[in-house]
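Descriptive analysis of the structure
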Amino acid sequence: MSSAVSPASLTVLVTGASSGIGWETARLLAERGDAVTVIVHAPDQASGQDAIARLVASGIDSGRLELATADFSRLDEVRAMAARIADRHPVLDVLVNNAAVAAPERRTLTADGNELSLQVNFLAAYLLTHELSGPLSARPGSRVVNVTSSMHRTASIAWNDPHRAKRYSRLAAYAQSQLALTIFTRESAPWTSVSVHPGVCDTELLPLYAHEGDSAAEGAAHVARLCDPATEVESGAYYDRTAPSPAAPVVLEERTVRRLCKLADQLVAQHV
């Protein structure tokens, strides 16, 4: 088990925080008091400024909020955002990898040559986490919380065709991205990593799951709880809402973790 004494101040980065669970998570974390700085990630300046404005309107002190922008369909923007954050914040206590898109009906490649949902939902998080390894390693007790999905249990990694050129379905592509993110949680690192299925929530991803779901705020409460240093967690564990839950068996295979990280290194390095 891993726990930590809460430091005098916390710096938290929440990706995909312009709407849905990410926005609600940023709100819940910022509400914890003057000692918390929340870096709000958005894909562009306009949506980011709108997210900040809504947080302030909800009662959050603007002095506790910072905006960071990067389009996760462009890995160069992920690298640039990480560099800006690392320069401004030599210590990062929590990284919430929440940004996600539904795989489109038709197979779509990014400018980096990767299938869209694989890149936005997994490769960008993988790259961002590694690029922020310095700030994440600067203080004991830091955490990475990967917001994933129970749908990872239905997935497989198409090792020889990760971009699904031969056989594409939006559900298979999205589920693969969630499985990859869940496997990545088990990579050995100086910080504590957990993955969490926040429940089926009424967000832009809802059509992939059901016709109705919990509120984004309910899902965010499960994510925010795992960000709290006072919450004891097991590094590498998968949580279904509030409770540890068995992940897909493949997630526990060390060989698969190594194989995935090797693949991710290749894919993010292609367009450096």
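Scroll up to find the structure this text is about.
Presented here is a report on the structure given in the accompanying data block. (Residues numbered from 1 in each chain as written. Predicted model: local features only at pLDDT ≥ 70, side-chain atom pairs only at ≥ 80, totals over all residues. Heavy atoms only, no water.)

1. Thoughts on the nonpolar core
Membership of the largest hydrophobic core comes to 49 residues, with the highest contact counts inside it found for Leu-13, Phe-72, Phe-122, Leu-128 and Leu-132. For this core, the element with the most residues is helix 4 (residues 116–131), which contributes nine residues. Beyond its immediate chain neighbours, meaning those up to four positions away, Phe-122 contacts Ser-117, Ser-177, Ala-180, Leu-181, Phe-184, Leu-260 and Ala-264. Core analysis: the next-biggest nonpolar cluster, separate from the first, contains 32 residues, Val-38, Leu-55, Val-194 and Tyr-239 among them. (Core = buried A, V, L, I, M, F, W, Y, C linked by side-chain atoms within 4.5 Å. Buried < 20%, exposed > 50% of the residue type's maximum accessible area, 1.4 Å probe, protein only. Helix = DSSP H or I, 4+ residues; strand = E, 2+ residues; numbered from the N terminus. Contact = heavy atoms within 4.5 Å.)

2. Concerning the packing of helix 3 (residues 75–88) against helix 4
Look at helix 3 against helix 4: their axes get within 9 Å of each other, and the N-to-C directions meet at 35 degrees. Along this stretch, helix 3 crosses helix 4, giving a crossing that reads as right-handed. Side by side, helix 3 and helix 4 meet where Leu-75, Val-78, Arg-79, Met-81 and Ala-82 of the first sit next to Gln-119, Ala-124, Leu-127, Leu-128 and Glu-131 of the second. (Axes fitted to C-alpha atoms, helices over the stretch in contact; angles between N-to-C directions. Left-handed = near helix turned anticlockwise from the far one by under 90°.)

3. Overview of the sheet that holds strand 1 (residues 10–14)
Read across the open sheet, the eight strands follow the order 3-2-1-4-5-6-7-8; overall the sheet is mixed. The open sheet has two edge strands with one neighbour each: strand 3 (65–69) and strand 8 (243–244). In this structure, strand 1 lies alongside strand 2 (residues 36–42), joined through five bridges in parallel fashion. From the neighbouring strand, Leu-10 faces strand 2, where its bridge partner is Val-36. The sheet contacts of helix 6 (residues 170–184) involve strand 4 (94–97), strand 5 (143–147), strand 6 (192–197) and strand 7 (238–240), and relative to strand 5 the element is tilted by about 160 degrees. Running over the sheet, helix 7 (residues 216–227) touches strand 4, strand 5, strand 6 and strand 7 and is turned about 160 degrees from strand 5. (Pairing = 2+ DSSP bridges.)

4. What to know about the pairing of strand 5
Counting buried residues along strand 5, five of its five residues qualify, which places the element largely inside the surrounding structure. Residues Arg-143, Val-145 and Val-147 of strand 5 are buried on one face, and the alternating residues Val-144 and Asn-146, pointing to the opposite face, are buried as well. Sheet analysis places strand 5 next to strand 6, joined by five bridges and oriented parallel. The residue of strand 6 that forms the bridge with Val-144 is Ser-193.

5. Some points on the packing of aromatic side chains
All told, the structure shown has three aromatic pairs when counted by the stated rule. Plain terms: the ring middles of Phe-122 and Phe-184 are 6.2 Å apart, the flat faces sit at 70 degrees to each other, and that makes the pair edge-to-face. In this pair, Phe-122 sits in helix 4 while Phe-184 sits in helix 6, placing the two residues 62 residues apart along the sequence. For the pair Phe-122 and Phe-184, one class covers both residues: buried. Here the aromatic rings of Tyr-126 and Phe-184 are separated by 5.0 Å at their centres, their planes lie at 55 degrees, and the arrangement is tilted. Within this pair, whereas Tyr-126 is found in helix 4, its partner Phe-184 is found in helix 6, the two being separated by 58 residues in sequence. Take Phe-184: its relative accessible area is 5%, and that puts it in the buried class. Taken together through their ring pairs, the aromatic side chains of Phe-122, Tyr-126 and Phe-184 make up a single cluster. (Phe/Tyr/Trp six-rings, centres within 6.5 Å; stacked < 30°, edge-to-face > 60°.)

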